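Secondary and tertiary structure notes
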Amino acid sequence: MWNLLGFTIVTICVCAHQITAQRQEKLTAMNGYLKNIIANAQIMQAMVQAELGQNIPNPKPNPVYDNFLEAGEMRLQVLEASTAALKTAIGSPNKNCEVTPPPPPTNVIAESATMDNVSSIVVRWDPPNPVPDNLQYKVYFSAIDESGYQAAGEVVFRICDSTQTSASITDLSPRSRYQVRIGTVAGVVSESSSTPELIETPDIIPSMPTNVIMEAISPNSVALKWAPPDIAGEITEYVIYYMEDGNPPVMTDVVSPPGQYHTVEDLSEGTRYVMEVAARSNNGEGPKSVPQEVRTIDFNPPHPLNLNCTAVNKTTVILTWEPPVLLAGDGIIRGYNINYTDSRYREFYLYKTKDASIATAVIDNLEPATMYYFQASSRTRKTFGGGGAVVMCQTKADAPTAPRNVQLELSRIEPPQLTMRWIPSLHTYGPLKNYTLHWGVKNGALRKELIDPTRLRWISDFLDDDTVHEFKLYAVNDVGFGEPAIQTFKTPKRQTIVPPNVTVDRVKGDYNTTMLQVRWDPPLHPVQGYDILYRKFEWVYSGRWHLKEINDPTALASEIIVNKPENSFIVVVQGKPVRGRPPHFQQPNFGGPMGNNNMGQPSMNRGQGGPGRGMNPGPGGNQMNPGPRGNQMMGGQNPFRNNNMEMQGNQPQGQSLSVSSMSNPGMPQQQQMQGGFGGQRFRP
């Protein structure tokens, strides 16, 4: 009833400018009705208190009644009558006196804070728009429970300065809920209010935890326990701060929900740590505990087991292993190290796995055909353990690289002969089987020679004059041929003197030796001697020329001892020109046939021919038909490039004979031997 009456009184609208005698009389009547209402209300309140057993000494007025219900009903009727009379006395409001409530404030924001175990709320707002005259604010404030129930009435205070748009409410309880709203007042009784703002004050900030105890329980963990802070409030979580060796960075472990025991994991073995503990509430974190030091247990990790290596290709191997067996209380293995080097210990390498879950390593960028040594060890955060057994593994072989620094020089001028030198391949990838040389006239057929791998020098066969020769030198190992080193060389042009009518006969010498008897006629130009080259006849030539030098310029015959009389031979005779004499000098005729048609013509005597079977026409042999000087043996096998070659030995009858030059494995097909018995002539 008091609240109702109060509300009713508050809502009376009075126009101050109409206070007249008539109004004065009306107000006096209203005052009488109000006194009657108050008196009857006080009597009803006393009756209710008496019924509740509350003894009120000398109550004013003193309620006297026989029946509570009847007396109460009577008093209510009096109140209703007085209230109706009061309304009649007030009558309809004057339209000229109406006041429109101002709009409520906008953007109301409430914030709370707690310091030193005391909370406060600060509320801010923006003025209404538009701002009316005589604007004042009212701040309504009340406490509520978690369900939103308001157990007590609102506390209200007025702000008369319309420019003040904030208010601070202090001396509140931490961790409590409150409701705040802002009202606007213009004039006497018109008012609007903002939507209530619900806010909870923060808890107090806890003090530091006490009685912190630390103990290392493994190489990688430390156990902590502590007592709650002396000033706690409601703790939401604890935070453990720790630094390795007392140096940054600072690491943290959060204990939530909050407890008083925690184990910090994943630490480094054998390491000193400085640790602190702090408590947190919803208002923030309190001070840290006193720093304390603790050292984790040392740990030397065991090495991996069963290390195996498999060569994948020429530059890559795969390593596999098994993790070591760890005992209770051992530390954490963070990964594995693979140390390796080659068999010559030239360089040492380290491969690290990302973590301990990996038990395979692919090692690449190795050298082919090379033996490597591998050793595996376990790694912790701070150290690594001893290595296990060393495992040997050889990469797959590759063909060697090309020989290096190949050099050619003319080591003999008459007849031309080259010397080749080189240094071994940079990478042989295992022992070499040989060096293989393909050589001959450039763009022609090539000969093949094998050179012992320990030799780094090669002397050529006798070469053609004024000819470009090509040499391809390969290094060969068990895999095969590597890339060749290629060189070319052009032999110098020389003056050649070809004696005519060269014949070769097979004769017997002392002790039943077999000899080739070579004869020729004097050449047209003076000579200081002769060179006789001879070799075994082959369809595909693979041997070498042999040289016999004759320093007698008057010699017209010579004998050559052969080791294998069953073979056929090719013989070439050339005169050595006299130094300083013009090439057109005419040599006197010493009695032999001297025409161009019988000069320098090669012939071959089969093994059955005896002395006298030679180049002279007649029954003793078939003379070789001479060809033009341009018809000569092709390629480098004929070092004289003239028709001065004769073949001696057993020639299969009825077959064409292809005689190769130095540069060509075989003689062109147009060079054929003519069939017949006895001395054979060769048509170049």
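This text follows the structure it describes.
So, here's what we can say about the structure. Quick caveat, the model's predicted, so the values are computed rather than measured.

Concerning the side chain of N40
- The residue N40 is located in helix α2 (residues 21-51) in this model.
- The exposure class of N40 is buried, given its relative accessible area of 4%.
- In this structure, N40 is in contact with R75, V78 and L79, ignoring residues within four places of it in sequence.

Remarks on the packing of aromatic side chains
- Counted by the stated rule, this structure contains 17 aromatic pairs.
- Seen from their ring centres, Y345 and Y373 are 5.8 Å apart, and the 40° between their planes marks the pair as tilted. Here Y345, found in the loop between β19 (335-342) and β20 (348-352), pairs with Y373, found in strand β22 (residues 371-379); they are 28 residues apart in sequence, far enough to count as distant.
- Note on Y474 and F481: the rings are 5.5 Å apart at their centroids and 85° apart in plane angle, and the pair reads as edge-to-face.
- Exposure remark for F481: the relative accessible area of 43% places this residue in the partly exposed category.
- Put simply, the rings of Y340, Y349, Y372 and F374 pair up and form one aromatic cluster.
- The ring of Y241 carries the charged tip of K288 above its face, separated from the ring centre by 4.5 Å.
- Note that R535 overlies the ring of W545, its terminal NZ or CZ placed 4.9 Å from the centroid.

Observations concerning the pattern of salt bridges
- Overall, the coordinates contain 28 salt bridges when judged by the stated rule.
- R272 is the partner of E293 in a salt bridge, and the nearest nitrogen-oxygen pair spans 2.8 Å. Within this pair, whereas E293 is found in strand β16 (residues 292-295), its partner R272 is found in strand β14 (residues 272-281), the two being separated by 21 residues in sequence.
- Put simply, E449 and R544 hold a salt bridge, and the shortest N to O gap is 3.1 Å. In this pair, E449 is assigned in strand β27 (residues 447-451) and R544 in the loop between β33 (527-536) and β34 (546-550), connecting sequence segments 95 residues apart.
- Counted as one network, the salt bridges with shared partners bring together D342, R344, R346 and E367.

Describing the sheet that holds β22
- If you walk across this open sheet you meet the four strands as β20-β19-β22-β23, and the pairing is antiparallel. Every other strand in the sheet has two partners, leaving β20 and β23 (391-394) as the edge strands with one partner each. Ignoring strand direction, the axes of neighbouring strands in this sheet form an average angle of 30°.

Describing the sheet that holds strand β32 (residues 514-519)
- The sheet built from three strands is open, its strands ordered β31-β32-β35 with antiparallel pairing. Sheet topology places β31 (503-508) and β35 (557-562) at the edges, where each strand pairs with a single neighbour. Along the sheet, successive strands turn relative to each other by an average axial angle of 25°, direction set aside.
- In the sheet, β31 pairs with β32 via six bridges, with the strands oriented antiparallel. Its bridge partner lying in β32, V507 is registered against M515.

What to know about unusual backbone geometry
- Looking along the chain, the bond that leaves N129 and enters P130 is cis, with omega of 5°.
- Note on placement: P130 falls in the loop between β2 (118-126) and β3 (135-144).
- The omega torsion across E414 and P415 is -15°, close enough to zero to call that bond cis.
- By the element assignment, P415 lies in the loop between β24 (404-412) and β25 (417-423).
- Despite not being glycine, N365 shows a phi value in the positive range, around 60°.
- Within the secondary structure, N365 is located in the loop between β21 (360-363) and β22.
- Within the chain, Y429 stands out as a residue other than glycine whose phi angle is a positive 55°.

Rules behind the numbers
Residues numbered from 1 in each chain as written. Predicted model: local features only at pLDDT ≥ 70, side-chain atom pairs only at ≥ 80, totals over all residues. Heavy atoms only, no water. Helix = DSSP H or I, 4+ residues; strand = E, 2+ residues; numbered from the N terminus. Buried < 20%, exposed > 50% of the residue type's maximum accessible area, 1.4 Å probe, protein only. Contact = heavy atoms within 4.5 Å. Phe/Tyr/Trp six-rings, centres within 6.5 Å; stacked < 30°, edge-to-face > 60°. Lys NZ or Arg CZ within 6 Å of the ring centre and 35° of its normal. Salt bridge = Lys/Arg side-chain N within 4 Å of Asp/Glu carboxyl O. Pairing = 2+ DSSP bridges. Axes fitted to C-alpha atoms, helices over the stretch in contact; angles between N-to-C directions.

Note that every value here comes from positions in space, so none of it alone points to a role or purpose.
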